[in-house]
Amino acid sequence: MIRKALALGVALLRLWLWRPSPRVEEPPRIVAPGEPAPRAELLLLALLGCASACAVAFVVVYAVDLPRPTQLFGLCLGLMFAFLASALVLLGKRLVPDEEIEEDYPAPEREHAQEDVIGIVEQSGDRFTRRRLLKVAALGTGGAVSAALVAPAVSFGPLFHTSALDRTPWRRGRRLVDDAGKPLRAADISTETFYTAYPEGAPREDLAAPVVVVRLDPEELRLPAGRESWAPRGILAYSKTCTHAACAIALYRKPTFAPTQPGRALVCPCHYSTFDPATGGTVIFGPAGRPLPQLPLQIDGDGNLRAAGNYSGLPGPSWWGVRHR
Amino acid sequence: MIRATVRFLDSRAGAAPLLKKALRYVFPDHWSFLLGEVALYSFLVLVATGVYLTFFFEPSTTQTIYDGSYAPLRGQQVSEAYRSVLDLSLERKAGLLIRQTHHWAADVFIVSIVLHLIRVFFTGAFRKPRDLVYYAGLGMLMLALLEGYIGYSLVDDLLSGMGLAIGYSVGMALPFVGANLMLAIFDGPFPGSSSFWPRMYVAHVLLLPLLIGGLLAVHLLGIVARHHTQFRAKPRQTERKVVGLPAFPGYAPRSIGLALAVAAVLFLLGGLVQINPVWLWGPYHVSQGTNGAQPDWYLGWLIGALRLMPSFDVTIGSYTLVPNPFWGGVGFPLAVFGLLAAWPWLERKVTRDRGAHNLLDRPRDAPWRTAIGVGILTWVFLVFLFGSSDRVYVFFGLSYEGQLWVYRVLVWVVPVVAAGIAHRVCVELRAGEHVERMRALAETEAARERALGPLGATEPPPGAPRPARRGP
């Protein structure tokens, strides 16, 4: 018993006294050594502290209800990231070994490997006897399979039905109504401003639907031949969709002092295509390539404005194949 | 801890040799090399903030009546998409911060890509063996432009709706296929069917990010496989040896620091600098438009080109073949990207230099490349500048018509002049360096003569130190 205890004691003592034998050989250093930088370490700690403070501040701002907290949120998160960024740059520039190493660029080409790859591919096809025929067959099959895989893309939309682009909601006799659905009365149309009108009872989210209505002195009108009756009492309607890039014609230029200011015009705010309402919507400035389509008007017995037919041309942006009028 | 982790990774994945290589990968140092990294880190911020936004956005044009907290719009007919963005911005805590940070990140993303492209072009970094990396980069830039455009179009506010109408018209203007393509994409004439918004959405949050991510992988792997380029700033830096900081421990903290700095700037912008306050624009309806509409900066060159075009459609008889928006919206960007894409090939053809290059040129080392690059850059920049001419009219009172005519001349004249000046500057700088080199040579020789006396001067100096080319 005592011997056992003694043996245990000796073993414990030896364990306590045991020191690892010194390494025979230290492996060579890989990373270059450098001097300690206690002040940089202190700064690093300070930066981490600031970042944590910002993070906590964010949570606090988030938790308490402030009426407009976006700026504070941004400030907290932004500064948190900024402190962290500074901490890491400090770490990279002051605290880790500042060493430059060099390495060989990889060889531009490895001819042996290239030859091997070519060999593998070519030798794998050794057994073919009708190589050209097979190539043609593979190509044909590839084409057929691709056609089959691509065909469902036609379901994306009515891509062959370009007639959908010609459709307009305007018919002879359809009333012009305003935003609220109230019919436009000829007597209410002033020469001082312009009006947006829609076809009564038709969907409005359609490039062909909205029209601008303006009133000019009938003496001023120089409409193209055949449109003499389209502007009763000098009231004109044009498609509100620019023929250039489909923005709404949202500006009406009306000179307040005619002798020195440019003439009246309908202007698109996107690329400043400018159309003359007096001459049938012809382009007088800007990139548009064709005039604004005009909608013929008539005034019914109640004094309301009605369409007297359809547009003079395609409303909306041009596309290949459209009539250039 | 470290030992156990490394042992685990090596025994399970055989990762030790790879890790060792990765940790000691060499990054040559120059400030301009950070531009690409800024783009990468903005992309990460974009993905992170974008994922957050998907939890609140509803990609639907179903019309509804707005009844949220923003009084001026209450009672108006708006789309679910627009309503969800308003709710996210005005009702959700931190929603506006994330949305604005996302928008700013998109702008910064494309700025840094463009600056990176300029750096790569003028230093000849696109040359073999990194041309594949260059093409992947060009592809990412194109996708990023489209991604940004679709991103702000999704909101369905008045401005984005006008932008979408312009995009539709530009698409319609493609000869022979435009109308059909647009009918397919929009599922009918503009503004399209109810399927169109989910299509844009899936393109914005899945397809385009995946494509950008895929090209990013090609871009980064391509760089790692051939290593980074470097300037010849030190004599040790040659075509065969790359010198710089190891990825670990020297470069990693700096690069992660840069990532965090990018995040810092983006969140500060997102929190403090308002961007695209969509509640002020109101909802989009086909019949509505507003003056002073400006797209995000990276589409400025396209709006400028669309506005610069003179009024004409290409017609056959009385039928249209090529509508006007084609030139500004398709032709112009196609020309710019075509030139950029053809450049490595063109340069190989002209210089007959088919070799691999690991050392970068300074812009002056390739005067013709620099001259043509400056020319293209000036061309695009002037068109971009014209995109803001309506604002210039409002702020400075310069007539819009007058500016239009001046720019129509300037965009062709100034690039040529700028290219000429750039070429001359490069040539002169190089001549100056030659003089410096000669003088240094003469001075060492003179010093040697003085040391040896008049008799020793007959033979040329054996090891006259050739001064190394300085870095930029």
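The shown structure was predicted, so the numbers you read here are calculated from the model rather than taken from an experiment.

Points about the overall build of chain A
Phase 1 of the analysis: Along the backbone of chain A there are five helices and 12 strands.
Phase 2 of the analysis: Taken over C-alpha atoms, the radius of gyration comes to 41 Å for chain A, far larger than the 20 Å a tight globule of 325 residues would show.
Phase 3 of the analysis: Reported as C-alpha extents along the three principal axes, the dimensions of chain A are approximately 130 × 80 × 50 Å.
Phase 4 of the analysis: The buried share of chain A, taken over its 325 residues, is 32%.

Observations concerning the overall build of chain B
Phase 1 of the analysis: Helix and strand content of chain B: 16 helices and six strands.
Phase 2 of the analysis: With the C-alpha coordinates aligned to their principal axes, the bounding extent of chain B is approximately 100 × 70 × 40 Å.
Phase 3 of the analysis: For chain B, the proportion of its 472 residues judged to be buried stands at 41%.

Description of the interface of chain A and chain B
One frequent convention defines the size of an interface as the accessible area lost when the parts assemble.
Phase 1 of the analysis: Listed per partner, the contact involves 73 residues of chain A and 80 residues of chain B.
Phase 2 of the analysis: Among the residues making up the side of chain A that touches chain B, the classes are represented as 44 nonpolar, 16 polar and 13 charged.
Phase 3 of the analysis: Judged from the four bridges that link them, strand 1 (residues 101-104) of chain A and strand 4 (residues 241-246) of chain B form a sheet pairing that is antiparallel. Counted as the bridge partner of Asp104 of chain A is Lys241 of chain B from strand 4 of chain B.

Things to note about the nonpolar core
Phase 1 of the analysis: Of all hydrophobic cores here, the largest spans 165 residues; its most connected members are Phe81, Val213 and Cys247 of chain A together with Phe109, Ala264 and Leu266 of chain B.
Phase 2 of the analysis: Broken down by element, this core gets its largest block of residues, 14 residues, from helix 5 (residues 95-123) of chain B.
Phase 3 of the analysis: Mapped onto the domain boundaries, this core takes at least three residues apiece from domain 1 (36-96) and domain 2 (176-307) of chain A.
Phase 4 of the analysis: Once residues lying within four places of it in the same chain are set aside, the contact partners of Cys247 of chain A are Cys242, Cys268, Pro269 and Cys270 of chain A together with Met162, Ala165, Ile166 and Gly289 of chain B.

Comments concerning the pairing of strand 3 (residues 195-199) of chain A
Residues and elements named next belong to chain A.
Phase 1 of the analysis: Most of strand 3 sits out of view: four of its five residues are buried.
Phase 2 of the analysis: Across two bridges, the pairing between strand 2 (residues 176-177) and strand 3 is antiparallel. Note on strand 3: the bridge partner recorded for Val177 is Tyr198.
Phase 3 of the analysis: As judged from the three bridges shared by strand 3 and strand 4 (residues 211-215), these two strands associate in the antiparallel manner. When the sheet's bridge partners are listed, Ala197 is paired in strand 4 with Val211.

Details of the domain arrangement of chain A
Phase 1 of the analysis: Split by domain assignment, chain A resolves into domain 1 (36-96) and domain 2 (176-307).
Phase 2 of the analysis: Relative to domain 2 of chain A, the C-alpha centre of domain 1 of chain A lies at a distance of 59 Å.

Focus on the pairing of strand 6 (residues 319-322) of chain B
Residue and element names in this part refer to chain B.
Phase 1 of the analysis: As paired elements, strand 5 (residues 314-316) and strand 6 share three bridges and run antiparallel to each other. When the bridges of strand 6 are listed, Ile316 appears paired with Tyr319.
Phase 2 of the analysis: What sits between the antiparallel neighbours strand 5 and strand 6 is a turn of two residues, in which Gly317 has the positive phi angle 60°.

Side note on helix 4 (residues 80-90) of chain B
Residue and element names in this part refer to chain B.
Phase 1 of the analysis: Counting buried residues along helix 4, eight of its 11 residues qualify, which places the element largely inside the surrounding structure.
Phase 2 of the analysis: Along helix 4, the residues classified as buried are Ala81, Tyr82, Arg83, Ser84, Val85, Leu86, Leu88 and Ser89.
Phase 3 of the analysis: On its buried face, helix 4 is in contact with strand 2 (63-65), strand 3 (77-79), helix 5, helix 9 (196-226) and helix 11 (278-281).

A short note on the sheet that holds strand 5 (residues 235-239) of chain A
Phase 1 of the analysis: Spatially, the five strands line up as an open sheet ordered 2-3-4-5-10 (chain A), and their pairing is antiparallel. If you trace the sheet from one side to the other, it starts and ends with strand 2 and strand 10 (294-295) of chain A, each paired once.

Comments concerning the environment of Arg236 of chain B
Phase 1 of the analysis: Looking at the element boundaries, Arg236 of chain B is found in the loop between helix 9 and strand 4.
Phase 2 of the analysis: Setting aside residues no more than four positions away along its own chain, Arg236 of chain B makes contact with Glu102 of chain A together with Lys241 and Val243 of chain B.

Topic: the packing of helix 3 (residues 70-95) of chain A against helix 10 (residues 247-272) of chain B
Phase 1 of the analysis: Here helix 3 of chain A crosses helix 10 of chain B at 165°, and the two axes come no closer than 7 Å. Comparing their axes, helix 10 of chain B and helix 3 of chain A come out roughly antiparallel. Judged by the sense of rotation from one axis to the other, the crossing of helix 3 of chain A with helix 10 of chain B is left-handed.
Phase 2 of the analysis: Looking at the contact of helix 3 of chain A with helix 10 of chain B residue by residue, the classes come out as 19 nonpolar, nine polar and one charged.

Some words on the sheet that holds strand 1 of chain A
Phase 1 of the analysis: Taken in spatial order, the three strands of this open sheet run 1(A)-4(B)-1(B), and their pairing is antiparallel. One side of each edge strand has no neighbouring strand; the edge strands of this open sheet are strand 1 of chain A together with strand 1 (26-27) of chain B.
Phase 2 of the analysis: Across the sheet, helix 10 of chain B lies against strand 1 and strand 4 of chain B, angled at about 65° from strand 4 of chain B, the strand it touches most.

Some points on unusual backbone geometry
Residues and elements named next belong to chain B.
Phase 1 of the analysis: Between Phe190 and Pro191 the backbone carries a cis peptide bond, its omega angle lying at 5°.
Phase 2 of the analysis: Inspection of the secondary structure assignment puts Pro191 in the loop between helix 8 (178-186) and helix 9.
Phase 3 of the analysis: In this structure, the amide linkage connecting Phe248 to the following residue, Pro249, adopts the cis form with an omega of 5°.
Phase 4 of the analysis: With respect to the helices, strands and loops of the structure, Pro249 is situated in helix 10.
Phase 5 of the analysis: Notably, Ala94 is not glycine yet its phi reads approximately 70°, a positive angle.
Phase 6 of the analysis: The topology assignment puts Ala94 in the loop between helix 4 and helix 5.
Phase 7 of the analysis: Even without being a glycine, Asp187 presents a positive backbone phi close to 55°.
Phase 8 of the analysis: The residue Asp187 is located in the loop between helix 8 and helix 9 in this model.

Some details on the packing of helix 5 of chain B against helix 10 of chain B
Residue and element names in this part refer to chain B.
Phase 1 of the analysis: Contact geometry of helix 5 with helix 10 gives a least axis separation of 8 Å together with a crossing angle of 125°. Between helix 5 and helix 10, the angle is such that the two are oblique. Here helix 5 runs over helix 10; the crossing is right-handed. Of the residues in helix 10, those touching helix 5 at Leu97, Gln100, Thr101, Trp104, Ala105 and Val108 are Leu266, Phe267, Leu269, Gly270 and Gly271.

The rules we used
Residues numbered from 1 in each chain as written. Chains lettered and ligands numbered in written order. Predicted model: local features only at pLDDT ≥ 70, side-chain atom pairs only at ≥ 80, totals over all residues. Helix = DSSP H or I, 4+ residues; strand = E, 2+ residues; numbered from the N terminus. Rg over C-alpha atoms; globule rule 2.2 N^0.38 Å. Buried ≥ 20, exposed ≤ 12 C-beta atoms within 10 Å, placed from the backbone. Contact = placed C-beta atoms within 7 Å. Nonpolar A, V, L, I, M, F, W, Y, C, P; charged D, E, K, R; others polar. Pairing = 2+ DSSP bridges. Core = buried A, V, L, I, M, F, W, Y, C linked by C-beta atoms within 7 Å. Domains from an automatic or database assignment. Axes fitted to C-alpha atoms, helices over the stretch in contact; angles between N-to-C directions. Parallel < 35°, antiparallel > 145°, perpendicular 65-115°, else oblique. Left-handed = near helix turned anticlockwise from the far one by under 90°.

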